[in-house]
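# Chains, contacts and geometry: an overview
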Amino acid sequence: MKTLIKNGTVVNSTGTATADVLIDGEKIAAVLAPGSTLLGFDIERNVDTVIDAAGKYVIPGGIDAHTHMQMPFGGTEASDTFETGTRAAAWGGTTSIVDFVVQYAGENVLDQYHHWQEKARGECAIDYGFHQILSDVQDSSLVAMDELVNEGVSSFKLFMAYKGVFLSDDGQIVKAMQKAAGNGSMIMMHAENGSVIDLLVQQAVAAGNTTPYYHGLTRPWQAEEEATHRAIMLADLTGAPLYVVHVSAKQAVEQIMIARDRGQNVFGETCPQYLYLSLEDQLGAQSEEWGDFEGAKWVCSTPLRSKAEGHQHHMWQSLRTNDIQMVSTDHCPFCMKGQKDMGLTDFSKIPNGIGSVEHRMDLLFQGVVDKQISLERWVEVTSTTPARMFGMYGTKGVIQPGADGDVVVYDPQGHTSIGVEKTHHMNMDYSAYEGFEIDGHVDTVLSRGKVVIDNNRYLGAKGDGKYIKRGLSQYLI
Ligand code: DUC
Ligand code: ZN
Ligand code: ZN
């Protein structure tokens, strides 16, 4: 199967050019001046499919490096399966995800890894890789870290919050970091001070402050800044690289900036919810159906922060100045009915998470329209940097010969209305971005050379997606 995408504006993180993209089988074969022949050979007459991308952007497929498909969590399970979640991702121009294998205390890491491979195999619409969560760091977990690197799992997530569920103490964190410093893998950190948060939550509930708004108030920025600083110090002590997930507080960004200026391999990720949504939105949220429980739709951790305190503005700025390097979703969807409503009378029982795997590319493109980031930076933070950060660059994250034919044709004159009834293919009964209007549209999506989305039709199938055996981070020497 040969496809020519002609006359489009090819956007890589390094620059923009009008060019034709030839895809042969699963790979990009050539990027050519528009209308070129290859040594007199008329390309257009010798391909199976021609896609006219005049007036449109041709970008590397999005890579969402932080998703939780069908994750058992908060007394329930994230509502997107590998099948529904990856299909929704494709609709939104994302052609690869990196999901998390879960290990709860007492479980065996390698058993869990094999279990997650089973869950995903044959289910995904797009390519998928795995990070490994470590909770208690057993001796066998340290051995497993070496084995997993050979399996293409080169990043390990630890939690400084969720005591009794995921939390690792500082000694456990240091053990895992020492191993990562030795085998070249990346430590990912959920940086919030769990003990402090647990106390504030108990106190709030005891005082009768039980609405979803208190979720945010009991996870203050100080708890995020302190944990981020601690994680950075422990990484410095051990020499491990550190990637801080879902950064939402401007003070946490400052800690990351300081560490980077000191020369440490510290990186930060933010998510669309911290760029667009705020604690004030959650406080004001009311609906006929849910009353002030409406705010449960945006219960996630780290929590939404106060816009008045400038966090949202600071996140965009940090993205522009590379103090934050990339954007993932932390896609962890739960329905209001039957899942979020477990916390109707107590916010601490609301499963934490927001689903947005389908909307990340659009929401970040809106940042281009709104002049928050450049066109090239859009591609960089949503595709190129995730590929480099997690050992996929060259195959993923760039339009160049030899790369996978993961390509999105994006129409900047198009329009996307986000809403549960309108555009949304995620398995959720609400949208965290209901009513958002995007000045752009995902027209065509190719996943390893196969057209999976075209003109609002899904042409892919479950099982199209292959496991991505990742290398080490390409940001580390
Ligand atoms: N945060 C969430 O909101 N959901 C899943 C886990 C996490 O860290
Ligand atoms: Zn987390
Ligand atoms: Zn997460």
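Residues numbered from 1 in each chain as written. Chains lettered and ligands numbered in written order. Predicted model: local features only at pLDDT ≥ 70, side-chain atom pairs only at ≥ 80, totals over all residues. Heavy atoms only, no water.

### What about the overall build of the protein?
Looking only at helices and strands, one finds 13 helices and 21 strands in the protein. The C-alpha radius of gyration computed for the protein amounts to 22 Å, which stays within 12% of the reference 23 Å derived for 477 residues, consistent with globular compactness. Taking all 477 residues of the protein together, 62% fall into the buried category. Across the protein, the fraction of contacts at a sequence separation of at least 24, relative to all contacts at a separation of at least 6, is 77%. Here the protein displays about 16700 Å² of accessible surface, and carbon together with sulfur accounts for 49% of that area. Taking the 37 positively charged and 60 negatively charged side chains of the protein as two groups, their mean positions are separated by 3 Å. (Helix = DSSP H or I, 4+ residues; strand = E, 2+ residues; numbered from the N terminus. Rg over C-alpha atoms; globule rule 2.2 N^0.38 Å. Buried < 20%, exposed > 50% of the residue type's maximum accessible area, 1.4 Å probe, protein only. Contact = heavy atoms within 4.5 Å. Areas by Shrake-Rupley, 256 points an atom, 1.4 Å probe, with all protein chains shown as cover. Lys, Arg positive; Asp, Glu negative; His and termini not counted. Charge placed at Lys NZ, Arg CZ, Asp CG, Glu CD.)

### Here we look at the domain arrangement of the protein
Each assigned domain of the protein is listed here: domain 1 (2–59 + 401–415 + 439–458) and domain 2 (61–389). Measuring from the centre of the C-alpha atoms in domain 1 to the corresponding centre in domain 2 gives 32 Å. Across the boundary between the two partners, domain 1 contributes 26 residues, which contact 22 residues of domain 2. Both sides of the domain 1 and domain 2 interface together cover about 1900 Å² of buried area, and 63% of this is carbon and sulfur. Here domain 1 is connected to domain 2 by one salt bridge. One salt bridge in this structure joins Arg-448 and Asp-127, with 2.6 Å as the shortest N-O distance. (Domains from an automatic or database assignment. Buried area = accessible area lost by both parts, 1.4 Å probe. Salt bridge = Lys/Arg side-chain N within 4 Å of Asp/Glu carboxyl O.)

### Considerations on the coordination of the zinc ion (ligand 3)
Coordination of the zinc ion (ligand 3) by the protein comes from His-66 (NE2), His-68 (NE2) and Asp-330 (OD), over a distance range of 2.0 to 2.2 Å. Counting along the primary sequence, the residues that act as donors to the zinc ion (ligand 3) give the motif H-x1-H-x261-D. The distance between the zinc ion (ligand 3) and the zinc ion (ligand 2) comes to 3.8 Å. (Donors = N, O, S within 2.8 Å, 3.2 Å for Na, K, Ca; no water.)

### Concerning the nonpolar core
In globular proteins that are soluble, nonpolar side chains generally tend to be buried together. In this structure, Ile-187, Met-189, Leu-242, Leu-364 and Trp-378 are the most contacted members of the largest nonpolar core, which totals 131 residues. Structurally, this core is a two-domain feature, drawing no fewer than three residues from each of domain 1 (2–59 + 401–415 + 439–458) and domain 2 (61–389). Those residues in contact with Ile-187 that sit more than four places away from it in its chain are Met-145, Phe-156, Leu-158, Ala-176, Met-177, Ala-180, Ala-240, Pro-241, Leu-242 and Tyr-243. Ranked by size, the runner-up nonpolar core spans 16 residues in total, among them Ile-5, Ile-51, Ile-399 and Ala-403. (Core = buried A, V, L, I, M, F, W, Y, C linked by side-chain atoms within 4.5 Å.)

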